[in-house]
Amino acid sequence: MPLFNPQTETFAEFDPKTRELLRSVVEFFETKGKRALCRDAHAGVWYDDWMRFLADSRILAYFATPRAHAQGDPDKRWDTAFISKFNEITGFYGSQYWYAWGVSTLGLAVIWQSGNDKAHQRAAEELDRGGIIGFGLSEKEHGADIYATDMLLTPDGSGGFTATGGKYYIGNGNVARIVPVIGRRTDLAGPEAYVWFVADSAHPNYKLVKNVIHGQNFVSAFDLENYPVAADDILHTGRRAFDVALAAVNCGKFNIGMVAIGMVEHCFHETINQASNKILFGHPVTEFGQVRQLLVDNYLRLTAMQLYHARAIDYMRCSTPEDRRFVMFNSIAKMKVTREAERALNELLDVISAKGFEKDSYFTIARATIASMPRLEGTAHVNMALTLKFMPNFLFNPVALPPVPVRRDPGDDESLFRQPGAAGLGKVRFTDWRPAFEEWKHLPNVALFLEQAEKFVQLPVQAPPTEAQLADLDFQLAVGELFTMLPYTQLILEQASLSGTDAGTIDAVFEIFVRDFSGYALSLYSKSSSTAAQQHWSMDVITKPIPDPDRADRIYTEVLSHANTYEMNP
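Residues numbered from 1 in each chain as written. Predicted model: local features only at pLDDT ≥ 70, side-chain atom pairs only at ≥ 80, totals over all residues. Heavy atoms only, no water.

Undergrad: Explanation requested: the UniProt feature "domain: Acyl-CoA dehydrogenase/oxidase C-terminal" (unreviewed entry) in the chain in the structure shown.
TA: UniProt's feature table lists "domain: Acyl-CoA dehydrogenase/oxidase C-terminal" (unreviewed entry) at residues 242–385, given in the numbering used throughout. Helix makes up 74% of residues 242–385 and strand 3%, and the two end C-alpha atoms of the span are 19 Å apart. (UniProt positions renumbered as here; feature names shortened; annotations may be inferred. Helix = DSSP H or I, 4+ residues; strand = E, 2+ residues; numbered from the N terminus.)

Printed below as a string of structure tokens:
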């Protein structure tokens, strides 16, 4: 898949209106220029120009208003493919710009799941006005622990409440006129006490405390002081309020993988430009062996991230309340893709070196925020633990399910707002992962990886975990690293087949994966609790990938072909 280049990208897979809107995002940033982009990022100024663009273009209204609330506008829908490309573009220019939408995703997901028609109308009108939405879940003392919320709601005797309490780390809390907030009733106990309601940042009883970070995006702390909550402001109550919070995160965290990919793509452009033009000891930096290896490895990692996420879009868009495979693939996009992006950016820093710290480089902006990507909307460890819930059915209980087509049509992904309760994830079923390998298993490194994967399937039988290990999350996470590679590679190969990816590129990608899988096996071996059988299994699975010098030269030439093909407008 090609490295994203805003100057040549046509967005051809989308309909004309979507292409026009995506192109307008590129034009906003290129018109702003790199100097202004870097200046504003370092100064941490609120991006009024970006707010004006969102208002003028109404782009959020076009991709985030379900057709049921679009008042008949044929160009409005909740479109995951459109959203994902927007995420990539905004990540490419600065994740702080994406953040205004990233938080809005969460708040809107809470609203669109509700049965409150007045709230639906308010949200649709706010999007059409160009507004952004908040999401009031976290608190300073409790984080995202809904059970411990100190946002207290006292019944007012008229079907509403007065709300008092504080929220912390709440995006868009400075300007959002619609901020869904979760709290707890004072007259009830247990799950029945939860309430989602809508607050307005312009209300006098809404007290904005501060921005808790230094940055252009506003991550607020705010207090509600005897805030009046009318019956029309209530979105969800009881156990449903808890389930909605998790379902909203399922929608929101899918954003983050494409943001991280966009960040790495821009950094790759800067890195290859700098390295190919810098002469040391009479040679371009790109000719040094370690630089060549870093560039090629991370170009391939980026290719794998792109392939995975492109296919995960299809599963997300084809999901139904009965077919929830997307929840696992979504968690992997959040956990695996973002960590791969963080790794790639850090290794590219070894190539771009001092330039990556200069204040006029995009790299400096990305370097300051890439670490947040695996840690937003649940840490990588949280999402790994979630992924492990699917492992038994994925490995041992495959079923026949409807094929998942490519989805880049202007469809409405409204099923995301009909997700069932949070319980029962262990019952989600999957098809067999092996058919994705059929077209590619003749490639040496794909065949090696397939052997490793089949050995992993035997791990629970040949070297079962002890009772202590089953309760040891650190040990389980080591197993999770190995397991994640199976669905990750499945979707990569599915997308490679759909997109006609070059076989040499795929074998090179799997050369890295064989190496990674061996590294994860060594980590399992090294755990203090690993049994003799587990250590033997680990040693058996560690395998050296098969190099191909000619293929490596071809990919290196492809990497170099991107040098000086894109530089942001100054």
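After presenting the structure, the write-up continues.
Undergrad: I keep staring at a nonpolar patch on the surface and nothing clicks. Help me out?
TA: A cluster of nonpolar side chains, contributed by Leu522, Tyr525, Met539 and Ile542, occupies part of the molecular surface with about 320 Å² of accessible area. As for its position among the elements, Tyr525 is in helix H18 (residues 503–526). (Patch = residues over 30% accessible without salt bridge, like charges linked within 9 Å, V, L, I, M, F, W, Y side chains within 5 Å. Areas by Shrake-Rupley, 256 points an atom, 1.4 Å probe, with all protein chains shown as cover. Salt bridge = Lys/Arg side-chain N within 4 Å of Asp/Glu carboxyl O.)

Undergrad: What is the right way to read unusual backbone geometry from this model?
TA: Glycine aside, residues mostly have negative phi angles, and peptide bonds mostly take the trans form. Although it is not a glycine, Phe11 adopts a positive phi angle of roughly 55°. Within the secondary structure layout, Phe11 lies in the segment before helix H1 (16–32). You can call Phe11 buried: its relative accessible area is 1%. Even without being a glycine, Phe281 presents a positive backbone phi close to 55°. One can find Phe281 in the loop between strand S8 (279–280) and strand S9 (283–284). (Buried < 20%, exposed > 50% of the residue type's maximum accessible area, 1.4 Å probe, protein only.)

Undergrad: Could you clarify how one ought to interpret the pattern of salt bridges in this entry?
TA: Note that side chains of opposite charge can pair when their charged atoms are close. This model, assessed by the stated rule, comprises 45 salt bridges. Notably, a salt bridge pairs Glu494 with Arg311, separated by 2.9 Å at the nearest N-O pair. Of this pair, Glu494 sits in helix H17 (residues 473–499) while Arg311 sits in helix H10 (residues 289–317), and the two are 183 residues apart along the sequence. Arg311 shares its class with Glu494; the two are buried.

Undergrad: What am I meant to see in the packing of aromatic side chains here?
TA: Each aromatic ring pair is described using two quantities: the centre-to-centre distance and the angle formed by the ring planes. If you walk through the whole model with that rule in mind, you get 40 aromatic pairs. Note on Phe29 and Trp50: the rings are 5.2 Å apart at their centroids and 35° apart in plane angle, and the pair reads as tilted. Residue Phe29 is found in helix H1, and its partner Trp50 is found in helix H3 (residues 48–57); the two are separated by 21 residues along the sequence. Across the pair, Trp50 and Phe29 agree in class, each one buried. Centre to centre, the rings of Phe268 and Tyr299 are 5.7 Å apart; their planes meet at 50°, and the pair counts as tilted. Of the two residues, Phe268 sits in helix H9 (residues 254–277) while Tyr299 sits in helix H10, which places them 31 residues apart along the sequence. The burial state of Phe268 is the same as that of Tyr299; both residues are buried. Just above the ring of Tyr556 sits the side chain of Arg292; from NZ or CZ to the centre is 4.3 Å. (Phe/Tyr/Trp six-rings, centres within 6.5 Å; stacked < 30°, edge-to-face > 60°. Lys NZ or Arg CZ within 6 Å of the ring centre and 35° of its normal.)

Undergrad: What is the right way to look at the domain arrangement of the chain in this model?
TA: You'll often see interface size given as the accessible area lost when the parts meet. Each assigned domain of the chain is listed here: domain 1 (16–129), domain 2 (152–240) and domain 3 (431–569). Summarising the inter-unit geometry, the C-alpha centres of domain 2 and domain 3 are found 45 Å apart. (Domains from an automatic or database assignment.)

Undergrad: How should I be thinking about the side chain of Thr484 in this particular structure?
TA: Note on placement: Thr484 falls in helix H17. Side-chain polar atoms of Thr484 contact the backbone oxygen of Gly480, separated by 2.8 Å. Here Thr484 is in contact with Ile332, Met335, Lys336, Met384 and Thr387, once residues within four sequence places are set aside. (Polar contact = N/O pair within 3.5 Å; in protein donor to acceptor, adjacent residues only side chain to side chain. Contact = heavy atoms within 4.5 Å.)

Undergrad: What is the right way to read the sheet that holds strand S3 (residues 179–185) from this model?
TA: Sheet strands line up and pair through hydrogen bonds in the backbone, either parallel or antiparallel. Spatial strand order, S5-S6-S2-S1-S3-S4-S7: seven strands in an open sheet with mixed pairing. The sheet terminates laterally at strand S5 (206–211) and strand S7 (234–237), the two strands that pair on one side only. The sheet shows a mean angle of 25° between the axes of neighbouring strands, direction not considered. Across five bridges, S5 lies against strand S6 (residues 219–229) in antiparallel orientation. When the bridges of S6 are listed, Leu208 appears paired with Phe222. (Pairing = 2+ DSSP bridges. Axes fitted to C-alpha atoms, helices over the stretch in contact; angles between N-to-C directions.)

Undergrad: Quick question: what am I supposed to make of the packing of H9 against H10 here?
TA: Describing two packed helices takes the angle between their axes plus the distance from one axis to the other. Two numbers describe how H9 lies on H10: the axes approach to 10 Å, and their chain directions differ by 155°. As the angle between them shows, H9 and H10 are arranged roughly antiparallel. You can see that H9 and H10 cross each other, and the crossing is left-handed. Each of Phe254, Gly257, Met258, Ile261, Val264, Glu265, Phe268, Thr271 and Ile272 in H9 lies in contact with H10, whose residues at this interface are Leu295, Asn298, Tyr299, Leu302, Met305, Gln306, His309, Ala312, Ile313 and Met316. Within the contact of H9 with H10, the residues separate by chemical class into 13 nonpolar, five polar and one charged. (Parallel < 35°, antiparallel > 145°, perpendicular 65-115°, else oblique. Left-handed = near helix turned anticlockwise from the far one by under 90°. Nonpolar A, V, L, I, M, F, W, Y, C, P; charged D, E, K, R; others polar.)

Undergrad: Looking at this structure, how should I read the environment of Pro547?
TA: Examined against the element boundaries, Pro547 turns out to sit in the loop between helix H19 (532–541) and helix H20 (549–560). The class of Pro547 is exposed, set by a relative accessible area of 54%. Between the C-alpha atoms of Pro547 and Ala508, which are 39 residues apart in sequence, the distance is 8.2 Å.

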